[in-house]
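Residues per chain are reported as follows:
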Amino acid sequence: MNTQLCAIRIETLGCRLNQAEAESFAALCTDAGFSIYTDHVDYAAYAVENHSTVRQNIVVSVSDGVDMMQTGTGNGASVRKLSSAAPVRLYSVLSPQQTVLCFVNTCTVTGKAEQKARRLIRLLVKTHPYAIILVTGCYAQLEAAEIEALHPYVLAFPGQQKDLLTAIPEYLAELVRSSAYFDTPFFLSALRTYLTDLLHNGLTDKTQRYKSVENQHGDNIRGKQLFALSSPHFLFHSRALLKIQDGCNDACAYCRIRIARGKSVSLPAAEVLDRLRRIEETGIPELTLTGVNLSQYRSEAGDFADILKLILENSTMRIRISSLYPDRIDEALIPLLAHPQVCPHFHLSIQSGSDTVLKTMHRDYKRATVYRAVSELRRVKDNPFIGVDIITGFPGETEEDFKETYGMCRELNFAGIHAFPFSARPGTDAWKMQPKVPERIAGQRVKQLNELAEMQAAAYIQAWNGKLVYGVTEAPRNGHQNVITENYLSLPLSEASLQIDNDLRGGEYIQVRVRGKDAALTEIISRPRQTCQVVV
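Summarised in this report is the structure supplied together with it. Bear in mind that the values here come from a model prediction, so they are computed numbers and not experimental data. (Residues numbered from 1 in each chain as written. Predicted model: local features only at pLDDT ≥ 70, side-chain atom pairs only at ≥ 80, totals over all residues. Heavy atoms only, no water.)

**Notes on the side chain of Arg318**
Turning to its location among the elements, Arg318 is positioned in strand β15 (residues 318-321). When sequence neighbours within four positions are dropped, the list of residues in contact with Arg318 reads Pro285, Glu286, Leu287, Pro340, Gln341, Val342, Cys343, Pro344, Tyr470, Glu486 and Tyr509. (Helix = DSSP H or I, 4+ residues; strand = E, 2+ residues; numbered from the N terminus. Contact = heavy atoms within 4.5 Å.)

**Overview of the pattern of salt bridges**
Taken as a whole, this structure holds 29 salt bridges when the rule is applied. The partner of Glu170 in a salt bridge is Arg177, and the shortest N-O contact between them spans 2.9 Å. For Arg177, a relative accessible area of 43% gives the class partly exposed. Here Arg527 makes a salt bridge to Glu508, at a shortest N to O gap of 2.5 Å. Highlighted residues: Arg527 in the segment after β23 (518-526) and Glu508 in the loop between α15 (495-500) and β22 (509-515), separated in sequence by 19 residues. (Salt bridge = Lys/Arg side-chain N within 4 Å of Asp/Glu carboxyl O. Buried < 20%, exposed > 50% of the residue type's maximum accessible area, 1.4 Å probe, protein only.)

**Considering helix α6 (residues 184-201)**
Between its first and last C-alpha, α6 extends 25 Å over 18 residues, near the 26 Å set by a 1.5 Å rise per residue. When we look at burial in α6, the residues that qualify are Thr184, Phe187, Leu188, Ala190, Leu191, Leu195 and Leu198. End-on view of α6: buried residues confined to an arc of 165 degrees, all on one side of the axis. Across from the buried face of α6, at angles greater than 90 degrees, the exposed residues are Thr193, His200 and Asn201. As for α6, its buried residues are in contact with β6 (99-106), β7 (132-137), β8 (154-156) and α5 (168-177). In the segment just after α6, Gly202 is the residue with positive phi, at about 75 degrees. (Expected span 1.5 Å × (residues − 1). Arc of directions from axis to C-beta.)

**A closer look at the sheet that holds β22**
A sheet is described by the order of its strands in space; here five strands give the open sequence β21-β20-β19-β22-β23, paired in antiparallel fashion. Each having just a single partner strand, β21 (490-492) and β23 make up the two edges of the open sheet. Across the sheet, the mean angle separating the axes of adjacent strands is 40 degrees when strand polarity is ignored. (Pairing = 2+ DSSP bridges. Axes fitted to C-alpha atoms, helices over the stretch in contact; angles between N-to-C directions.)

**Observations concerning the packing of α5 against α6**
Relative placement of two packed helices is described by the angle separating their axes and the distance separating the axes. Running from N to C, α5 and α6 cross one another at 145 degrees; their axes reach a closest spacing of 11 Å. Crossing hand, α5 versus α6: right-handed. Residues Ile168, Tyr171, Leu172, Leu175 and Val176 of α5 form the contact with α6, whose own contacting residues are Phe186, Phe187, Ala190, Leu191, Tyr194, Leu195 and Leu198. In terms of residue class, the contact of α5 with α6 is built from twelve nonpolar, no polar and no charged. (Left-handed = near helix turned anticlockwise from the far one by under 90°. Nonpolar A, V, L, I, M, F, W, Y, C, P; charged D, E, K, R; others polar.)

**Quick notes on the nonpolar core**
The biggest cluster of nonpolar side chains holds 59 residues, and the ones touching the most others in it are Phe304, Leu308, Leu337, Phe414 and Ile417. Those residues in contact with Phe304 that lie beyond four places of it in its chain are Ile244, Leu289, Leu294, Tyr297, Ile321, Leu324, Arg328 and Leu333. (Core = buried A, V, L, I, M, F, W, Y, C linked by side-chain atoms within 4.5 Å.)

**As for the sheet that holds strand β17 (residues 385-392)**
The three strands are arranged β16-β17-β18 in an open sheet whose pairing can be described as parallel. Two strands bound the open sheet, and with one partner strand each, they are β16 (345-351) and β18 (416-421). On average, adjacent strands in this sheet sit at an angle of 15 degrees to one another, irrespective of strand direction. Summarising the sheet, β16 and β17 pair through six bridges and their orientation is parallel. If you follow Phe346 over to β17, its bridge partner there is Ile386. Along the sheet, helix α14 (residues 439-463) makes contact with β17 and β18, crossing β18 at roughly 170 degrees.

**Quick word on the environment of Val154**
Along the chain, Val154 turns up in strand β8. For the pair Val154 and Ile133, spaced 21 residues apart in the sequence, the C-alpha separation amounts to 4.6 Å. Sequence-distant contacts of Val154, that is, excluding residues within four places in its chain, are made with Ile121, Val125, Ile133, Val135, Ile147, Glu148 and Arg192.

These figures come from the coordinates and say nothing about function on their own.
Printed below as a string of structure tokens:
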């Protein structure tokens, strides 16, 4: 069998950490010769080919109110020479029946997240009747038997050992190449045996390149391969993701992620810089640092502030920080967040605005800490996008407690509020906590916060109307294209902008003027030096 005639489907649920790991697995699959299945026929994504195709140098010039493209030099407008590879569409013309493996990276943060995973798995079984469904991630770490009971073709692999899956694409490719046809029961049995062997014996010596640093106990055997799933190439994202930390040492009363992922481990600083360099060489303009709890990053360089300082000293990329605890916005970190390379977008994991609830949740900060953090962020950045997580209906949360949370969200005018009702998770302290808040009440509180979030998000966009911002283009979809700005506005590019350069791809670093609910292109600054792999 020809691997190019066999597709692998990648599905990711949950956090950016899962997205980063799934991207790496997808890159390994394409390296092994497989097609990546997608049902979006105009889905554009980018992977480096061995030989780049370089198009002519062009100059894109855009003046205020007048859109034009020139060859050579222009007058009056900002002009930059560009040299980039010709775009190639990534899409799959293979039928769903030609999918041999579905890779599902799961989440267990709430009961609904697990329900969503089960629903997705059943859909994949129905859509790809001959495929093996390989499920990993936090849900698979904790409930493997429950997952495998969904269908005979489903395999669950522990999330804490998911980096062992780096060997799977090449092993599966060898099976495919040595077979005349895809016999699902045979391939399933072979893959199950191989996975069992991996769990018992690990990878070969040549693949064991990195050791992580455990925060309190030095060399960490468990984390030895925890960062193996890493790639400088991204099929599904126009902005890069770099995982530098995993696990968590806290014991928040509601959180099951810490149980699924274990104690905090960190990628050594030297390896962080090496991976950063390889990503930057592809021409990707922006990178998001990801981890379960970046505040707990520790390495030979020091803590999170120290690694961020090293990154800023050794890279010219725009840096976005996935999430921080409010108490981590301290004297060491604040000056670094003021750096022009750091995107003016911050996500704070605050969960509640009530000191009583925060204490019950085992969160090590108070309401006043959030106010101080937001004040500092707005001092060092001009009107940054600040988003937060909020849990409503935590056991014992009174109406007064919720009013404190709602009042804080209104007073601090968060541009983004991710509110969700409390979900009791097995194995956590909150599982048996009393008194329970009725689901109806928790749902009403979520609704109130969502309504507030809509108003504040609209006001935030309006505050930027008419202003110039930098951003990165997303891949075109159905004739439309969005830009994600430095301050985390997701805006469609205007039709006039697309006519300026109808060759815009994902991952282009541009400047735009915010115009209400869309954006007008004013300058193309750089293009990625990578080209697309055609998936057939």
